Amino acid sequence: MRISPWSAGVLASALLLSLPLLTVLGFVLQPAGEVWAHLAENVLDEYIANSLWLMGGVAAGTLLLGVSSAWITTMCAFPGRRFFEWALLLPMALPAYIIAYTYTGLLDVAGPVQSGLREAFDWGFGDYWFPEIRSLGGAVAMLSLVLYPYVYLLTRATFLEQSVAVLEVSRSLGHGPWATFLRLALPMARPAIVAGLSLVLMETLADYGTVHYFGIATFTTGIFRTWFGLGDVAAAAQLAALLLAFVFVLIVFERWSRRRARYEHTDSKQGGFARYRLQGWQSFGALLVCALPLLFGFIVPVTQLGVWAWDRADGFLDPDFIALLTNSLTLAGIAAALALLLALFLAYGRRLRPTPWMNAAVRTAGMGYAIPGTVVAVGVMIPLAAFDNALDAWMEARFGISTGLLLSGTLVALVFGYLVRFLAVALNTVESGLLQIRPSLEQAARSLGSNSSQVLWRVHLPMLRGTLYTALLLVFVDVLKELPATLILRPFNYNTLAVKAYELASDERLAEAALPAVAIVLAGLIPILILSYSITRGRARHERAITAG
Amino acid sequence: MSEQLRLDKVSVSYGDTAVVREAELTLEAGELGCLIGPSGCGKSTLLRAVAGFEPIVAGRIELHGREVSRPGRRVPPEKRRVGMVFQDFALFPHLTVRDNIGYGLKRLSGRKRRQRVEELLRLVGLAPTAKAYPHQLSGGQQQRIALARAVAPKPEILLLDEPFSSLDAELREQLALDVRGWLHHEGITGLLVTHDQNEAFGMADRLGVLHEGRLLQWDSPYRIYHAPKHRFVAEFIGQGSFVAGDLLNGQQVRTPFGCYNRKNAADPAEGSPAFCLTEDAVKQSEPVEVLLRPDDFIPGEDGPLRGRILEKRFRGAEYLYTVALTDSDTRIYCLAPSHFGYAVGHEIGLTPALQEVVVFPI
């Protein structure tokens, strides 16, 4: 078989991008060392138990918040429904570690809530019981509050696609709203709910900031401790591989449910269906179900952050903060631009030659998103350090020059790590954009005398412009928020907003951490608002179609 | 006239599945050819092979005397100088009508390109829409623009893949006529794929019927209708019935309504009915079937044959009658102007008017 430059390039990039994953998996085959034996004996059970409890709790929490709010905003009419439809996505803008330390500031002994209670009831310290926020339960609450939008988003999309006829048949056969929901809508939406839940659990497994801040020993904190505290690379990589096993189960789960979703999709456009009109206490209940996640997932923490940031607003002009901002923006910009180029290259290559090899290569390149940042970091660090050491030794022996660390511990390693982890975001966006372009368009262009790169330039790129901006923005924001990979891979003393917010919070300087946190949240809001806008616009178009028809 | 397109035993496969087998056809410059067949017969695939989007596994394709495809080698679509019109129009949504038409004219200077675009806009009657975007146009207008865009670079051949199927019937007929006119005006050779017989009859100089990947016959529309070489062609095209007959010594065919002599190539009996053997070679003195078209019989009150009307279908200008012949259990079709309506059950006379008798083995 003749290999074209496109194919060769795509295969090579996929191989390079899967290097970290292969590295980590490779350590499974290595004999377990002393440290591993120590880990297995003393802490591994705790890591697994905590991770499972965390996953179970977050699954329950996000299901409760996400599914109920999705059903109510889709099927019921009550005051404020249109606002909640998009506002319920807002908590997605907050990284879990930021909401975690914000609530700590609010709820711990010295925080405004407990002080207020003490003052109001004239209690002293220790006179009363108050839930401890820095606990497993607290971590479950924090993660649930910011992750439920995944479930909400996917579930709501399925509810909207469900055949109205089916639901109306159920009503005509005498089932009320509750019975219809439990017996029809919910089972039909199950694949989408499972898909949303898998994403939530992947994020939960990947979380480092929250669990570390709350002092819960999980895989991610364990990897950090083994790597930096015990200095055992192999054991850290083996822990990472074990974490990957959990992730793979979730990936399989997600793929399987998505495939089922295709089969169970009832292909019927939603007609103008009658929403359940809620009255009195019913609409108050609906309002409550929608308002609570928004209140505690977004309004309360953002207000608190705003108050803290307001007190030190002059800090925004501080040269240190500006340096921080510049670092973050540059880094995110570079990573996003590279991810976009690479995504375009891979997606277009696959479209040109949809061979099994190309499909496998592109899919492999997009695996990183499911892999926790900690694991990516370990997988990037090990081969790059090995390369640096080998090069250094060779140069030393050959020319007597020490090259030191060329790649590891530099921005190259960091950007590479970001690419591995976030390429999928750009890739999925670009691929779905390309799918919208009918093949007949490029065939028309070909028959009019353009070769494949001219077609890309003259037809695809102009048509994809919006998609490309979206992809760029999504990677940009994800890089800005990423904490554990940055912590491990950053060059010495190189700080970003996420790292600084986390470090200040760890030092209990919560108010100071608010400045970088606010910057991250503001950036994170942009894609959420765009997503919300596209939801409202989609609905407006949909409703126009109904009135016109 | 020169030969513009030649397909020489062309075969196309998807993996192990043969989609087109040994298709052979030629088109003279300026002619319009049509490929017709049921869905899945390979007609679109054959068209895409000519365009260069599908590789061929056997045979060769020549465009204007230049070999463009053979197994293992194909000139890429952009180097073939073919124009293509797609079922879904495939207009570039981000370009204006003018830029869409000008897309393939990148070798022309700015002024010449503008001139050519204006010329085509006038030809298809859409000069006022030059600055519009495709989504602002109606389906019919979009199709005209798609055609103008394909024609603009003066391709060696224009390929049309079911170009009218997404338009409504009335618009389709008008546009088909227009397209024929424009191609003539531009002197462009065309190859059209369709599943609509009326469209094919209305437009084609040459017509090909495909079935299960085989191009069964490549001929004039008249001969495809009246002298089909395969039973599938006879059944697929137009209305027709089959009656039993006997072949005597390979020289004469006897039917319920008379005997016909074999057509003699050296001495074609002028005007007198004759029969021709189909390619599915007929053996000597055998029971055979004879194809009868509705226009092979003239109905009237009198006639050498008698029959009873079983069914009548209104066709606008005429009625299509199903008639059972008296004295035999043969059913035939015939046409009569709709001014003379006979009732179902009525007995009528029929006068055979067979120009050619097509005989198939049973």
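Each chain carries its own residue numbering, running from 1 in the direction its sequence is written. In the order they appear in the text, chains get letters beginning with A and ligands get numbers beginning with 1. Side-chain atom pairs in this predicted model are given and counted only at pLDDT of 80 or more, local residue features only at pLDDT of at least 70, and totals for whole chains, interfaces and linings cover all residues. As a convention, hydrogens and water are excluded, and side-chain values are obtained from all of the structure's heavy atoms.

(A) The overall build of chain B, seen in detail. Check the secondary structure of chain B and you find eight helices and 22 strands. Summarising its shape, the C-alpha atoms of chain B cover approximately 75 × 50 × 40 Å along the three principal directions. Each residue is placed in one exposure class: buried if its accessible area under a 1.4 Å probe, protein chains only, is under 20% of its type's maximum, exposed if it is over 50%, and partly exposed if it falls in between. Residues counted as buried form 50% of the 362 residues belonging to chain B. Long-range contacts, defined as pairs at least 24 residues apart, comprise 67% of the intrachain contacts of chain B with a sequence gap of at least 6. In this count, Lys and Arg are taken as positive residues and Asp and Glu as negative ones, while His and the chain termini are left out. In plain terms, the charge of a residue is placed at NZ if it is Lys, CZ if Arg, CG if Asp and CD if Glu. Side-chain charges of chain B comprise 44 positive and 46 negative groups, with the mean position of each set lying 10 Å from the other. In this description a helix means any DSSP run of H or I spanning at least four residues, a strand means any run of E spanning at least two, and both kinds are numbered starting from the N terminus. For this analysis, residues touch if any pair of their heavy atoms sits within 4.5 Å.

(B) Expanded view of the interface of chain A and chain B. Contact with chain A, which involves 19 residues of that partner, is made by 20 residues of chain B. Summed over both partners, buried area is the accessible surface (1.4 Å probe) that two parts give up on being assembled. Between chain A and chain B the total buried area reaches about 1,800 Å² when both faces are included, carbon and sulfur atoms providing 58% of it. Considering only the surface of chain A that becomes buried against chain B, A:Ser447, A:Leu448 and A:Arg458 emerge as the three largest contributors, covering 36% of it. In what follows, salt bridge is the name for a side-chain nitrogen of Lys or Arg lying within 4 Å of a carboxyl oxygen of Asp or Glu. Put simply, chain A and chain B have two salt bridges between them. For A:Arg446, the salt bridge identified is with B:Glu78, shortest N-O distance 2.6 Å. We define a polar contact as two N or O atoms separated by no more than 3.5 Å, with the added condition that, inside protein, one atom must be a possible hydrogen donor and the other a possible acceptor, whereas residues neighbouring each other in sequence contribute only through side-chain atom pairs. Between the two partners, chain A and chain B, sit nine residue pairs in polar contact (both at pLDDT 80 or more). Looking at the side of chain A that touches chain B, the elements that each hand over two or more residues are α19 (439–447) and α20 (452–481) of chain A. For this scheme, ten residues count as nonpolar: Ala, Val, Leu, Ile, Met, Phe, Trp, Tyr, Cys and Pro. Four count as charged, namely Asp, Glu, Lys and Arg, and the remainder, Gly too, count as polar. In the side of chain A that touches chain B, the residues fall into eight nonpolar, eight polar and three charged.

(C) How the structure looks around the packing of aromatic side chains. The pairing test for Phe, Tyr and Trp rings, Trp by its six-membered ring, is centres within 6.5 Å, and the orientation test on the planes gives stacked under 30 degrees, edge-to-face over 60, and tilted for anything in between. One pass over the full model with this rule turns up 25 aromatic pairs over all chains. Note on B:Tyr321 and B:Tyr342: the rings are 5.9 Å apart at their centroids and 55 degrees apart in plane angle, and the pair reads as tilted. You can see B:Tyr321 sitting in strand β19 (residues 318–325) and its partner B:Tyr342 sitting in the loop between β20 (331–337) and β21 (347–352), a full 21 residues away along the chain. Pair check on accessibility: B:Tyr321 and B:Tyr342 agree, each one buried. Pairwise contacts between aromatic rings join A:Tyr208, A:Phe224, A:Trp227, A:Phe228 and A:Tyr502 into one cluster. Only lysine NZ and arginine CZ atoms are considered, and such an atom sits over a ring when it is within 6 Å of the ring centre and within 35 degrees of the ring normal. Lying over the aromatic face of A:Tyr369, A:Arg421 brings its terminal NZ or CZ to 5.8 Å of the ring centre. Looking at B:Arg293, its charged tip hangs above the ring of B:Tyr225, at a distance of 4.2 Å from the centre.

(D) Up close: the environment of B:Arg293. Residue and element names in this part refer to chain B. As for its position among the elements, Arg293 is in the loop between β16 (287–292) and β17 (297–300). C-alpha of Arg293 to C-alpha of Tyr225: the two residues are 68 residues apart in sequence and 8.6 Å apart in space. Beyond its immediate stretch of four places on either side in the chain, Arg293 contacts Ile224, Tyr225, His226, Pro228, Ala234, Ile237, Gly238, Gln239, Gly240 and Tyr333. Of note is the side chain of Arg293, whose polar atom sits 2.8 Å from the backbone oxygen of Tyr225. Reaching out from Arg293, the side chain makes a polar contact with the backbone oxygen of Ile237 at a distance of 2.8 Å.

(E) Layout of the packing of helix α4 (residues 139–151) of chain B against helix α5 (residues 169–186) of chain B. Residues and elements named next belong to chain B. Close contact between α4 and α5 brings their axes to 11 Å; oriented N to C, the two are set at 20 degrees. With respect to α5, the element α4 is oriented roughly parallel. Crossing angle aside, the handedness with which α4 passes α5 is right-handed. Between α4, through Gly140, Gln143, Arg144, Leu147 and Val151, and α5, the contact on the second element is made entirely by Leu171, Leu175, Asp178, Val179, Trp182, Leu183 and Glu186. Taken together, the residues of the contact of α4 with α5 break down into seven nonpolar, two polar and three charged. Convention adopted: a line fitted to C-alpha atoms gives each axis, helices being fitted over their contacting stretch, and angles between N-to-C directions are expressed from 0 to 180 degrees. Geometric relationships in this document are graded by angle, where less than 35 degrees denotes roughly parallel, more than 145 denotes roughly antiparallel, 65 to 115 denotes roughly perpendicular, and other angles denote oblique. Helix crossings are classified by the rotation of the near helix relative to the far one: an anticlockwise turn of less than a right angle makes the crossing left-handed, while a clockwise turn makes it right-handed.

(F) Local environment of helix α15 (residues 319–352) of chain A. Taking 1.5 Å per residue, 34 residues should reach 50 Å; α15(A) reaches 49 Å between its end C-alpha atoms and fits that length. Its side-chain oxygen at 3.1 Å from the backbone nitrogen of A:Asp320, A:Asp318 defines the N-terminal cap of α15(A). Multiplying 1.5 Å by the residue count of a helix minus one yields the expected span of that helix.

(G) The pattern of salt bridges, seen in detail. Residues and elements named next belong to chain B. Under the defined criterion, the tally for this structure stands at 28 salt bridges over all chains. A salt bridge links Glu156 to Arg81, with the shortest nitrogen-to-oxygen separation between them at 3.8 Å. Of the two residues, Glu156 sits in the loop between α4 and β8 (157–161) while Arg81 sits in the loop between β6 (73–74) and β7 (82–85), which places them 75 residues apart along the sequence. The partly exposed category is assigned to Arg81, whose relative accessible area is 45%. Linking Glu186 and Arg116 is a salt bridge whose minimum nitrogen-to-oxygen distance equals 2.9 Å. Taken together, the positions of Glu186 in helix α5 and Arg116 in helix α3 (residues 110–123) put the pair 70 residues apart, joining distant regions of the chain. Each member of the salt-bridge network shares a partner with another, and the members are Arg60, Glu62, Glu67 and Arg70.

(H) Local environment of the layout of surface pockets. As a volume, the second largest pocket reaches approximately 1,300 Å³. Around the second largest pocket, the lining comprises 36 residues; the ones closest to its centre are A:Leu352, A:Arg353, A:Arg446, B:Phe53 and B:Arg74. When contributions to the lining of the second largest pocket are tallied by element, the ones reaching two or more residues are α1 (5–17), α15, α16 (356–365), α19 and α20 of chain A together with β6 of chain B. Across the lining of the second largest pocket, the residue classes break down as 19 nonpolar, seven polar and ten charged. Lining residues are those with an atom within 4 Å of a point, where the points come from a 1 Å grid over the protein atoms alone and group into cavities, where a 1.4 Å probe fits but cannot get out, or pockets, open sets with protein on both sides within 12 Å along at least five of seven lines. Grid points are joined across faces, edges and corners, and a volume is the space filled by probe spheres set on the points.

(I) Inspection of the nonpolar core at higher detail. Counting residues in hydrophobic clusters, the biggest one holds 212 residues, and the most contacted among them are A:Tyr101, A:Leu305, A:Val430, B:Leu5, B:Leu35, B:Leu159 and B:Leu191. Look past the residues within four positions of B:Leu5 in its chain and what remains in contact with it is B:Leu25, B:Thr26, B:Leu27, B:Val50, B:Ile61, B:Glu62, B:Leu63, B:Ile157 and B:Leu191. Core analysis: the next-biggest nonpolar cluster, separate from the first, contains 45 residues, B:Phe89, B:Ala148, B:Leu160 and B:Ala200 among them. By convention a nonpolar core is built from buried Ala, Val, Leu, Ile, Met, Phe, Trp, Tyr and Cys residues, the set being connected through side-chain atoms within 4.5 Å.

(J) Looking closely at unusual backbone geometry. Positive phi, normally seen in glycine, also occurs at A:Asp122, with a value near 60 degrees. In this fold, A:Asp122 is placed in the loop between α7 (112–121) and α8 (136–161).

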